[in-house]
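Descriptive structure summary
Here is what each chain is made of, one letter per residue.
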Amino acid sequence: MTGLLGAALPVVPLVAGLLGLLLPPAPQGATGGEGAARRAAIGLGVAGAAGALLVAVLLLVRVGDPVETSTSWIDLGGLRVTLGVRLDGVAVLVAVAVAAVALAVQVYSVAYLRRGPHDDVEVDHRYPPYAAQISLFTAAMLVVVVSGDLILLLVGWEVMGLCSYLLIAHDRRLPEAPAAAMKAFLVTRVGDVGFLLGIALLGVSAGSFRIADVLAHDHSTGVLTAACLLLLAGVAGKSAQFPLHTWLPDAMAGPTPISALIHAATMVAAGVYAVTRLYPLFTRAPVALAVLGVLASITLLLGALAATAQDDLKRVLAWSTVSQLGYLTGALAVGAPAAALFHLLTHAAFKALLFLAAGAVIHAVGTTLLSRMGGLRRSMPVTFGCTLIGLGALAGVPPLSGFWSKDGVLAAAEAAAIDGTGPAPTWVGWLVWLSGLLGVLLTAAYATRLLLRAFFGEPRLPLLHPHDPPAAMRWPVLLLAVPAALLGLAGFWPPFTDRLRGTAADVDLVHLAPAVLLPIVLLLVGAGLAWAGWRRDPAADPARALGPLRPVFARAFRLDDLQNTLVVRPTTALARVTRTGDEVGVDGLVEGVGRGTSALGAGLAALHRAALPRATAAVLAGALLIGLAAALIGVSS
């Protein structure tokens, strides 16, 4: 029964998504009524996510020890690919988080996409495919979560990438949406090439793609190191790690609920989850963990510094996601997968809350720019309270959820640095710990700035009369505020901690030691700096204190421009040269031969038609000559 429930977990939203794709879109430009297709799409989307959440909760109750069921799918000369599920405490907890966020997004989208923030379109005529793609996205992530085979995991991994492309490009009225979707698709595909090669290397080495067989096999050191490094390329793409992080801020062109889905518990968490699934292999490849630690530290600080200078509300949250993902991968690098998973779950709660609350603000004021907001605390008290909880959890304010999970990451990095407890070299622990501490200060600064700019001071658009969102948008935000505030306390509950720790029973998820005071002090310093800058001039942006560094931070050190110069432009130029060579050289040669042959045939045909009388005379003359020759020969004989 547990195996059947595990198989049903992704199947439920998959069926809802496939049925939803069969629904016709409403007539474009419709201005009244829900429409039968939209109502059916809402029912299928909500039912699929709710069904997945129900199955995940049932599995949470049933699954204790690891459970695995599988059947042979393909056998290629002894190289087996299986079709099955692998369930343990971590898998079911992540599945609950994914399904809960997906359900919140489906319900929230019903009201959010009824009327766009920038126009008077009453009904989004493309809602049915939108809801169906969310269901397929959810199913793909759940396949990644419960898969017992690397090939099946790869299928879910790639379907998730395809759905993200479609969802980011959903609002075709925005010219930047298709470009952002294409960028996300191509950048993540670059990493996925390495991910595919890493899976192939492990499968060939073990003679099977079944995760249990891959983990149990004694791989050679060279193969293991190469495979882990290749897998990290895919992780860098999906989980937006330096240098493949550039797609994620641009993905804000998609609808805000999609930002909540991608940036919370699903796509960006997939890479981290995949590493925890195969973590015993990484512990035997310290070089790969060292590389991961360097990338994590750069990503953490890069995202935090970029977030301090953004004026776009959604881009602040997007860069904060990049930074928080650095904490997750940093925890993995210092040998603390349980701490990484704990922060993954709390991040899913408070980041989904923040994006949906941001959507409520955008829905009310019709802009994403902080410079045009202000004073929303009085007119949107529910949204303000939920945003306050979300930002507090993001910054690590005790006793909110982010405080406990982030402190677990910092404590693990400190132990790896000072005591040398991690599987990676000691310097990796120092690097992750120090960058994590600096990240606490920066996170507190940009979170405080966002709160002050959006909700305090005087309204900068006085003609607007914003208000809290309707019930369909308000209730998902309120319900997500509960785990964002309280989920960290689950770190004191043995049934929860035992699931996350697995076999590492000596690992503590929460720490109540004097060292916890250092992050709190840094938190107060960061928040105080932002508050002091705002207090001097509430109408001005506290980010002005950055001076000439502000445009550098706002452009994220212009790494996107550098990538465009070093990669995009040469690739585009090479494509133009290749196209010209193909059209002029290959196609020109083939078409030239064809044209020459046709011309030659036409010339011969013309010559044949023009010479017909002369040919007749020549035949007669030839016959006469032959007859004359025959006569002469006869006479002479």
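Residues numbered from 1 in each chain as written. Predicted model: local features only at pLDDT ≥ 70, side-chain atom pairs only at ≥ 80, totals over all residues. Heavy atoms only, no water.

1. Details of the pattern of salt bridges
Put simply, the rule is: By salt bridge we mean one thing: a side-chain nitrogen of Lys or Arg within 4 Å of a carboxyl oxygen of Asp or Glu. For helices the rule is a DSSP run of H or I covering at least 4 residues; for strands it is a run of E covering at least 2, with both sets numbered from the N terminus onward. Type-normalised accessible area, obtained with a 1.4 Å probe on protein chains alone, sets the label of each residue: buried when under 20%, exposed when over 50%, and partly exposed for intermediate values.
Summed over all chains, the structure comprises 16 salt bridges. One salt bridge in this structure joins Arg 86 and Glu 68, with 3.2 Å as the shortest N-O distance. You can see Arg 86 sitting in strand β2 (residues 79-87) and its partner Glu 68 sitting in strand β1 (residues 67-76), a full 18 residues away along the chain. Overall, Arg 86 belongs to the partly exposed group, its relative accessible area being 22%. A salt bridge links Asp 213 to Arg 210, with the shortest nitrogen-to-oxygen separation between them at 2.8 Å. Asp 213 sits in the partly exposed class, given a relative accessible area of 23%. A cluster of three or more residues bridged by salt bridges with shared partners is formed by Glu 68, Arg 86, Arg 210 and Asp 213.

2. Notes on helix α17 (residues 381-395)
Quick note on the threshold: One fewer than the residue count of a helix, multiplied by 1.5 Å, yields its expected span.
Between its terminal C-alpha atoms α17 stretches 21 Å, which fits the 21 Å expected from 15 residues at 1.5 Å a residue. Restricting attention to buried positions, one finds in α17 the residues Thr 383, Phe 384, Cys 386, Thr 387, Gly 390, Leu 391, Gly 392, Ala 393, Leu 394 and Ala 395. Of the residues flanking the end of α17, it is Gly 396, one or two places downstream, whose phi is positive at about 90°.

3. Here we look at unusual backbone geometry
Omega for the bond connecting Phe 242 with Pro 243 falls within 30 degrees of zero, at 5°, which places this linkage in the cis form. Structurally, Pro 243 is set in the loop between α8 (221-238) and α9 (247-250). Pro 399 follows Pro 398 through a cis peptide bond whose omega is 5°. Examined against the element boundaries, Pro 399 turns out to sit in the loop between α17 and α18 (401-418). Despite not being glycine, Phe 557 shows a phi value in the positive range, around 60°. By secondary structure assignment, the location of Phe 557 is in the loop between α23 (549-554) and α24 (559-610).

4. Some thoughts on the packing of aromatic side chains
Heads up, the rule is: Pairing of aromatic rings covers Phe, Tyr and the six-membered ring of Trp, with a centre-to-centre limit of 6.5 Å; geometry is then stacked below 30 degrees between planes, edge-to-face above 60, and tilted otherwise. In this analysis the charged atom, NZ for Lys or CZ for Arg, is taken to sit over a ring once it is within 6 Å of the ring centre and within 35 degrees of the ring normal.
The tally for this structure, following the rule as stated, stands at twelve aromatic pairs. Measuring from centroid to centroid gives 5.7 Å for Tyr 108 and Tyr 112, while their planes differ by 25°, and the two rings are stacked. Note that Tyr 108 and Tyr 112 are positioned in helix α3 (residues 89-112) at a spacing of four residues, about one turn of the helix. In this structure, Tyr 108 and Tyr 112 share a single accessibility class: buried. Considering the side-chain rings of Phe 553 and Phe 557, the 5.4 Å spacing of their centres and the 55° angle between planes classify their relative orientation as tilted. Given the relative accessible area of 9%, Phe 553 is considered buried. One aromatic cluster in this structure is built from Phe 384, Phe 455, Phe 456 and Trp 534. The cationic tip of Arg 38 hangs over the ring face of Tyr 127; the distance from NZ or CZ to the ring centre is 4.4 Å. Note that Arg 189 overlies the ring of Phe 185, its terminal NZ or CZ placed 4.6 Å from the centroid.

5. Some words on a nonpolar patch on the surface
Put simply, the rule reads: Only residues above 30% relative accessible area that lack a salt bridge enter a patch, with like-charged residues linked at up to 9 Å and the nonpolar side chains Val, Leu, Ile, Met, Phe, Trp and Tyr linked at up to 5 Å. Working definition of accessibility: Shrake-Rupley area with a 1.4 Å probe, residue cover restricted to the visible protein chains.
A surface patch of nonpolar side chains, about 500 Å² in accessible area, is lined by Trp 73, Ile 74, Leu 76, Leu 83, Val 155 and Val 159. Elements represented by at least two residues in the nonpolar patch include exactly β1 and α5 (150-168). For the nonpolar patch, the element with the most residues is β1, which contributes three residues. Structurally, the position occupied by Ile 74 is in strand β1. Its relative accessible area of 34% is what places Ile 74 among the partly exposed residues.

6. A short note on the packing of α3 against helix α21 (residues 494-501)
Selection rule: Angles here are taken between N-to-C directions and fall from 0 to 180 degrees, while the axes themselves are lines fitted to C-alpha atoms, restricted in helices to the stretch in contact. Any angle that is under 35 degrees is reported as roughly parallel, and any over 145 degrees as roughly antiparallel; angles of 65 to 115 degrees are reported as roughly perpendicular and all others as oblique. In what follows, a contact means two residues having at least one pair of non-hydrogen atoms within 4.5 Å.
Where α3 meets α21, the axes come as close as 7 Å, and the angle between the chain directions of the two elements is 110°. Taken together, the axes of α3 and α21 lie roughly perpendicular to each other. Counting all contacts with α3, which are made through Gly 89, Val 90, Val 92 and Leu 93, the residues of α21 involved are Phe 496, Arg 499 and Leu 500.

7. Quick notes on the confidence of the model for the chain
Fine structural detail should not be taken from predicted coordinates in areas where pLDDT scores are low. Let me state the cut-off plainly: On a scale of 0 to 100, pLDDT captures the predictor's confidence in every residue.
Scored by pLDDT, the chain has a mean of 87; 93% of the residues are at 70 or more. A low-confidence stretch, residues 116-123 stays under pLDDT 50, and its non-local contacts, those more than four residues away or across chains, total 21 contacts.

8. Re helix α22 (residues 517-536)
Convention followed: Note that the arc is defined by the directions from the helix axis to the C-beta atoms.
The end-to-end C-alpha separation of α22 is 28 Å, in line with the 28 Å expected for 20 residues at 1.5 Å each. For α22, the set of buried residues is Pro 519, Leu 522, Leu 523, Gly 526, Ala 530, Gly 533 and Trp 534. Buried residues of α22 fall within an arc of 110° about the axis and therefore sit on the same side. Facing away from the buried side of α22 by over 90 degrees, the exposed positions are Leu 517, Leu 524, Arg 535 and Arg 536. In this fold, the buried residues of α22 make contact with α17, α18 and α19 (426-455).

9. Describing the nonpolar core
Keep this limit in mind: Nonpolar core, defined: a set of buried Ala, Val, Leu, Ile, Met, Phe, Trp, Tyr and Cys residues in which side-chain atoms within 4.5 Å join the residues together.
Counting residues in hydrophobic clusters, the biggest one holds 190 residues, and the most contacted among them are Trp 247, Phe 282 and Leu 500. Dropping the residues within four chain positions of it, Leu 500 is found in contact with Val 90, Leu 93, Ala 338, Leu 341, Phe 342, Leu 345 and Leu 509.

10. Here we look at the pairing of β2
Each regular strand carries side chains that alternate between the two faces of the sheet. Rules: Here a strand pair is declared whenever DSSP counts at least two bridges between the two strands.
As defined by bridge partners, β1 adjoins β2 across nine bridges and the pair is classed as antiparallel. Directly across from Asp 75, in β2, lies its bridge partner Arg 80. Linking two consecutive strands that pair antiparallel, namely β1 and β2, is a turn of two residues; a positive phi of about 60° is found at Gly 77 within it.

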